[in-house]
Amino acid sequence: MVSNQKNNLNDSQQEAVKHPGGPLLVLAGAGSGKTRIITERISYLINKHNVSPSNILAVTFTNKAANEMKQRVARLVQKEARNLWIGTFHSTCLRILKREINKLDGYSRDFIIYDDADQIKLIKDCMVRLNIGERLLSPKHVGSQIDSAKNKGLGPDSSELNDYDKRVLRIYSLYEVELRKSNALDFGDLLHVTIMLFEKKPEVLQNYQNQFQHILVDEYQDTNHVQYRIVELLSRIHKNIFVVGDDNQSIYGWRGADIKNILNFEKDYSNTQIIKLERNYRSTKTILEAANKLILQNKNRHDKNLWTENATGDQINYYEARDDKDEAKHVSSQIGIETKNRGYSYKDIAIFFRTNTQSRLIEEELLRSTVPYKIVGGTEFYKRAEIKDILAFLKVITNPSDEISLKRIINVPPRGIGKITVNKLDEIAREKDVPFFDGIQLALEEKLLPSSALVKLEKLFNLLTRLIEFPEKNDIVSLINDVLHKTGYLDMLEKEEERRENIGEILNLAAEFGKERDKPTLNDFLDNVSLASDLDNFSEDADKVTLMTLHSAKGLEFPVVFIIGMEENLIPHFNSTRNGQVEEERRLFYVGITRAKEKVYLAGATRRMTFGKQQACIPSRFISELPKELIKWENFDYSLMDKTRGSKRSSTKPISRTRITYEKSGRYRVGQKVVHSSFGEGLIKKVEGSGDEAKVTVFFPAYGFKKIIASYLE
DNA sequence: CTGGACAAGCTTTTT
DNA sequence: GCTTGTCCAG
């Protein structure tokens, strides 16, 4: 938080904090003190209006934001802030379901949560059973279809899913049956089943409606339909719904977030008051002006005009790198300059990118130049095989019905139970209509398998039963240790230093969890882990450069921000240009720029390794949407004018390929009509160079003049 | 049944 | 370039 705002709220902010009640929409621009409004509002309600903390529900978008909010409120409030309901939609719904879900037929409170990897596995199993080949229908696609149905609150039998592929619907139906059998909920279920509960058990809904006298929602622009309904249902009695958001920062459309929720708020709630926060306390005038001009290109938005009294500050730097390696070197050397000559600490600096894979080269370069960094998200800790294995053991222990987890560990470490045995067990379980685990027991009792298999299965069965009977009074740490030793998992990792370290990390997590909770149960621990993400462990204390995706960057701020990969097909991402989601990509870039307090560095490359192949790239259209005078162009024309490089490169390539590109670029001449994948149809105005590196200047009616690498044109 | 060798497919973004 | 899946010899 910027110091000039530390103690005093401005008029609009005060108006929001002291809002008398009823629906309120706070349209808060980037850096206008959004989160602060919510914390101040909560403490105002508690301190000045004597509202009990347990009657307040505050929903945020990430666990990190929730934790931060809890801490800030705790500092402002005398009373027990612990009773506040602060969390993400998912964690809030989880909390409700853990108390109430048994009131719904077919659900029990000791359910476990399936993450998306578990979800995909289960979908694959279902597809095999339904004889639907993965070639015809990708499980991932099916998964996103199911998610999107759940985000709309639609079950597999819903008539509103008529336009869905029939096969997807059959998979969805079976998938639901299997989820119930495994006593598991997927991420979408946490919200979807909560709505079902509220609809089928009005008395449960009423309890919560009465309890939550005040509901506050942060990042309202990112709510999807189910989330919208949850909030709407819960606020019906007291109608004190206080939402804060910025439509310009809506970046989760792909997850079902509906920007209409914020655009139509005043239509949805009668007597809505709207307050706009347009003063930015974060960024320099330069950064803000660039961001404002950029977002002006979007049609679908509330009118806002962000302004600041901060200094003008430095120009925005744009560096056009030769290739992705050069880009990484540039970032790393600029970090060196900023820290050594300009007094910035490593923790003042962040590097944002569109896709997680982009981080690798940067990491390598930072390692080489010994710049300390931390990476948020990416190949997440919780996705590592050894972590998933241990968690699978724990899930089976707390919930033996969990088929996906049981199948994961049935032969880990290798104990001679292979595919054939598993398939037979599958058959047995399905024939007798019992969960997979009971199928094992049945096979043992009735000797339904060859004795060699039965011996191995019995060993495993006894091992698991012993672990399941592990007395509750023992803590989770010793349970994990027990799993590690008795299953032989630790022996298996004898030579795998890094994996053992990760195992150590999960032990630390369990120990910490044990300390935090009064009576920590295994099930709670697993819930906690399922909803946790790397983002939560992000700590501002360590003096390290932060690396993360543009999506994870939302809600954060840094004095110096680097955004890399400023190229067409990366931002806007390839998939978004075709689906007409360019506005959302623009908002994403907007989010990135507005994280910066003082300096913005943009970088893009003319060549980049994708799929293990060098690919030509052209600058992102968003670069040309920034006011030219605010930008310091570094190296911009370098790649276009450097002729030696072009000949050098083509000489290292196989002759046949060079010849082909020669012929291709030789096709182009001034006045010719060409088609580009992103810019559409255009007219050639100038041709420079030849071969692979030929540059063609093309006029596109919608985008103006562009210099393009010949091989990029159709 | 295991493990190694090879092929295929793949990349948005996250709770 | 990396990860996951498949095939085959042992």
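Here the structure is a predicted model, which means the values were calculated and not measured.

A.B. asks: Help me out: how do you make sense of helix H14 (residues 324–340) in this one?
C.D. replies: Side chains that are three or four residues apart share a direction in an α-helix, a result of its 3.6 residues per turn. Taking 1.5 Å as the rise per residue, H14 with 17 residues should run 24 Å; its terminal C-alpha atoms sit 24 Å apart, in good agreement. Where burial is concerned, most of H14 is hidden: 12 out of the 17 residues are buried. Looking at H14, one finds that the buried residues are Asp324, Asp326, Glu327, Ala328, His330, Val331, Ser332, Gln334, Ile335, Gly336, Glu338 and Thr339. Measuring from the backbone nitrogen of lysine 325 back to the side-chain oxygen at the start of H14 gives 3.1 Å, which picks out aspartate 323 as the cap.

A.B. asks: Sorry, what's going on with the pattern of salt bridges here?
C.D. replies: Working definition: two side chains of opposite charge can pair if their charged atoms are close together. Counting across every chain of the model gives 43 salt bridges. A salt bridge links lysine 293 to glutamate 289; the nearest nitrogen and oxygen atoms lie 3.3 Å apart. Remark: glutamate 289 and lysine 293 occur in helix H13 (residues 285–295); sequence separation between them is 4 residues, near one turn of the helix. Judged by relative accessible area, lysine 293 falls into the partly exposed class, the value being 37%. A residue is classified by how much of its surface remains accessible, and glutamate 289, at 33% relative accessible area, is partly exposed. Arginine 368 is the partner of glutamate 365 in a salt bridge, and the nearest nitrogen-oxygen pair spans 3.1 Å. Taken together, the residues glutamate 365 and arginine 368, both in helix H15 (residues 359–368) and 3 residues apart, mark about one turn of the helix. Each of the salt bridges in this network shares a partner with another, and the network as a whole consists of Lys34, Asp218, Glu219, Asp222 and Lys554.

A.B. asks: Can you help me understand the environment of leucine 588 in this one?
C.D. replies: By the element assignment, leucine 588 lies in helix H27 (residues 582–594). Non-local contacts of leucine 588, meaning those with residues more than four positions away in its chain, are made with Ile251, Arg354, Leu550 and His551.

A.B. asks: How should the pairing of strand S12 (residues 545–549) be read in this particular structure?
C.D. replies: Every other side chain in a regular strand lies on the same face of the sheet, so the side chains alternate between the two faces. Counted residue by residue, S12 has 5 buried out of 5 residues, so it is predominantly covered. The two faces of S12 match: Val545, Leu547 and Thr549 on one face and Thr546 and Met548 on the other face are all buried. Looking at chain direction, strand S10 (residues 349–353) and S12 are connected through 4 bridges and run parallel. Bridge pairing in S12 links isoleucine 351 to leucine 547.

A.B. asks: Which parts of the structure should I look at to understand a positive patch on the surface?
C.D. replies: Taken together, the side chains of Lys70, Arg95, Arg99 and Arg517 define a basic patch exposed on the protein surface. Checked against the element boundaries, arginine 99 lands in helix H4 (residues 89–100). Residue classification places arginine 99 among the partly exposed positions, given a relative accessible area of 40%.

A.B. asks: When you look at the pairing of strand S14 (residues 596–610) in this model, what are you seeing that I'm missing?
C.D. replies: Among the 15 residues in S14, 11 count as buried, and that is most of the element. Judged from the 6 bridges that link them, strand S9 (residues 316–323) and S14 form a sheet pairing that is parallel. Paired with asparagine 317 across the strands is tyrosine 601, a residue of S14. Two elements, strand S13 (residues 558–563) and S14, share 5 bridges in a ladder whose sense is parallel. Its bridge partner being in S14, valine 561 is matched across the sheet by valine 600. Here S14 pairs with strand S15 (residues 613–616) via 4 bridges, running antiparallel. Among the inter-strand pairings, arginine 608 is bridged to a residue of S15, identified as glutamine 615. Between S14 and S15, which pair antiparallel one after the other, the connecting turn spans 2 residues, and phenylalanine 611 there sits at a positive phi close to 60°.

A.B. asks: What's the story with the protein's contact with DNA strand C in this structure? I'm lost.
C.D. replies: Neighbouring residues of DNA strand C: Lys124, Arg360, Met609, Phe611 and Gly612. Backbone sugar and phosphate groups make up 38% of those atoms of DNA strand C lying within 4 Å of the protein. Between a phosphate oxygen of DNA strand C and a side-chain N or O atom of lysine 124, the distance comes to 3.2 Å. At a separation of 3.3 Å, a base oxygen of DNA strand C approaches a polar backbone atom of phenylalanine 611. Across the surface near DNA strand C, the residue classes break down as 2 nonpolar, 1 polar and 2 charged.

A.B. asks: Looking at this model, I keep getting lost on the sheet that holds strand S1 (residues 24–28). Mind explaining?
C.D. replies: Adjacent strands of a sheet pair through backbone hydrogen bonds, lying either parallel or antiparallel. Taken together, 6 strands build an open sheet; the order of strands is S3-S2-S6-S7-S1-S8 and the sheet is parallel. Of all the strands in the sheet, just strand S3 (85–88) and strand S8 (273–277) have a single pairing partner and so form its edges. Strand-to-strand twist of the sheet, defined as the mean angle between neighbouring strand axes without regard to direction, takes the value 15°. Here strand S2 (residues 56–60) pairs with S3 via 4 bridges, running parallel.

Parameters at a glance
- Residues numbered from 1 in each chain as written.
- Chains lettered and ligands numbered in written order.
- Predicted model: local features only at pLDDT ≥ 70, side-chain atom pairs only at ≥ 80, totals over all residues.
- Heavy atoms only, no water.
- Helix = DSSP H or I, 4+ residues; strand = E, 2+ residues; numbered from the N terminus.
- Expected span 1.5 Å × (residues − 1).
- Buried < 20%, exposed > 50% of the residue type's maximum accessible area, 1.4 Å probe, protein only.
- Polar contact = N/O pair within 3.5 Å; in protein donor to acceptor, adjacent residues only side chain to side chain.
- Salt bridge = Lys/Arg side-chain N within 4 Å of Asp/Glu carboxyl O.
- Contact = heavy atoms within 4.5 Å.
- Pairing = 2+ DSSP bridges.
- Patch = residues over 30% accessible without salt bridge, like charges linked within 9 Å, V, L, I, M, F, W, Y side chains within 5 Å.
- Areas by Shrake-Rupley, 256 points an atom, 1.4 Å probe, with all protein chains shown as cover.
- Lys, Arg positive; Asp, Glu negative; His and termini not counted.
- Charge placed at Lys NZ, Arg CZ, Asp CG, Glu CD.
- Near = heavy atom within 4 Å.
- Nonpolar A, V, L, I, M, F, W, Y, C, P; charged D, E, K, R; others polar.
- Axes fitted to C-alpha atoms, helices over the stretch in contact; angles between N-to-C directions.

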